[in-house]
Amino acid sequence: MNSLVHDGDAVTIALESRADIAARDVLLDRSMAPNWKKKTSGKLRAGRKPAEGLAFVARDNRGEIVGTVRLWNIQAGIDAVGRPISALLLGPLAVDPDAKSKGTGSLLMRHALSEAARLGHGAVLLVGDAPYYARFGFTAEKTAALALPGPVERDRFLAIELAEGWLDGAAGMIVATGAKVSKPRKLRLVA
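This report concerns the structure included in the present document.

Thresholds, definitions, all that
- Residues numbered from 1 in each chain as written.
- Predicted model: local features only at pLDDT ≥ 70, side-chain atom pairs only at ≥ 80, totals over all residues.
- Heavy atoms only, no water.
- Salt bridge = Lys/Arg side-chain N within 4 Å of Asp/Glu carboxyl O.
- Helix = DSSP H or I, 4+ residues; strand = E, 2+ residues; numbered from the N terminus.
- Buried < 20%, exposed > 50% of the residue type's maximum accessible area, 1.4 Å probe, protein only.
- Contact = heavy atoms within 4.5 Å.
- Pairing = 2+ DSSP bridges.

Quick look at the pattern of salt bridges now. Counted according to the given criterion, the structure contains 11 salt bridges. Here E16 and R70 are joined by a salt bridge, their closest N and O atoms 2.7 Å apart. Of this pair, E16 sits in the loop between β2 (9-15) and α1 (21-31) while R70 sits in strand β4 (residues 65-78), placing them 54 residues apart in sequence. In this structure, D98 engages R30 in a salt bridge whose closest nitrogen and oxygen atoms are separated by 3.0 Å. Here R30 lies in helix α1 and D98 lies in the loop between β6 (94-95) and α3 (104-118), a separation of 68 residues in the sequence. Residue classification places D98 among the exposed residues on the basis of a relative accessible area of 61%. On the accessibility criterion, R30 (44% relative accessible area) is partly exposed.

Pasting the structure below:
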C-alpha cells in the first residue's frame, strides 16, 4: 500500500474492492467528461473485468475515495513473427475535482505501473494527454503501427514498456482479452 501526505491530507492507495464500485462510479461521473464511456478505449473495457490485482482506489484520511485507476488485459497486435503480444490498457485514471493538484493521480499511476511490473506484465498502453503521461515514461513511439477499434488522436495513443523490447515490432489491432463480466442468470419459472 502506498501513501502520500500533502498539506496534512493523507491519501492511501489500495486494491479496489466490490464495496468501492458505487463510490468509484460516482467519482468517474463527477471527474470525467460526460461522454467518457463512449470513447474508443471504453470499447475495449466494455463487458470486461479489470486485470487481476490491477484496479486501485485512492482514499483520503476520512476513507473517502478520491481517485481511481484500472488496468485491463489486451492484445497489442502481433510481433514480427505473428505471435500475439499481451499488454495492459490503463484507464480511466480519475481524481476527484476537489482533490486535484495534490499528487493523487501521480501516486495512483506510479503504484499501478509498479504493480503491473511486479506481476510480470510487459507493457501498458493508454489514450491520454501526452505531456502529462510523459513524466511516467509514456510515448507514442511504440504505438505507431498499432490501431484501436475506433478513432483516436495518434499523439494521444501512448505506451510504456515495463520489460525492454516488449513492444518491438508490435503491429495490428488492439483487442480486449480480459475476463468477461458474468451476466446475471435469468430465472426460468417452470409451470
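So, on to the side chain of R24. Within the fold, R24 resides in helix α1. Here R24 is in contact with E16, I65, T68 and R70, once residues within four sequence places are set aside.

Here the focus is the pairing of strand β5 (residues 84-90). A regular strand carries its side chains on alternate faces of the sheet. Counting buried positions along β5 yields 5 of 7 residues, so the element is predominantly enclosed. The hairpin turn running from β4 into β5, its antiparallel successor, is 5 residues long, and G82 in that turn takes a positive phi close to 90 degrees. Sheet topology places β5 next to strand β7 (residues 123-127); 2 bridges connect them, and they run parallel. In the sheet register, L88 faces β7, and the bridge partner there is V124.

Any functional reading would require information that these geometric values do not contain.
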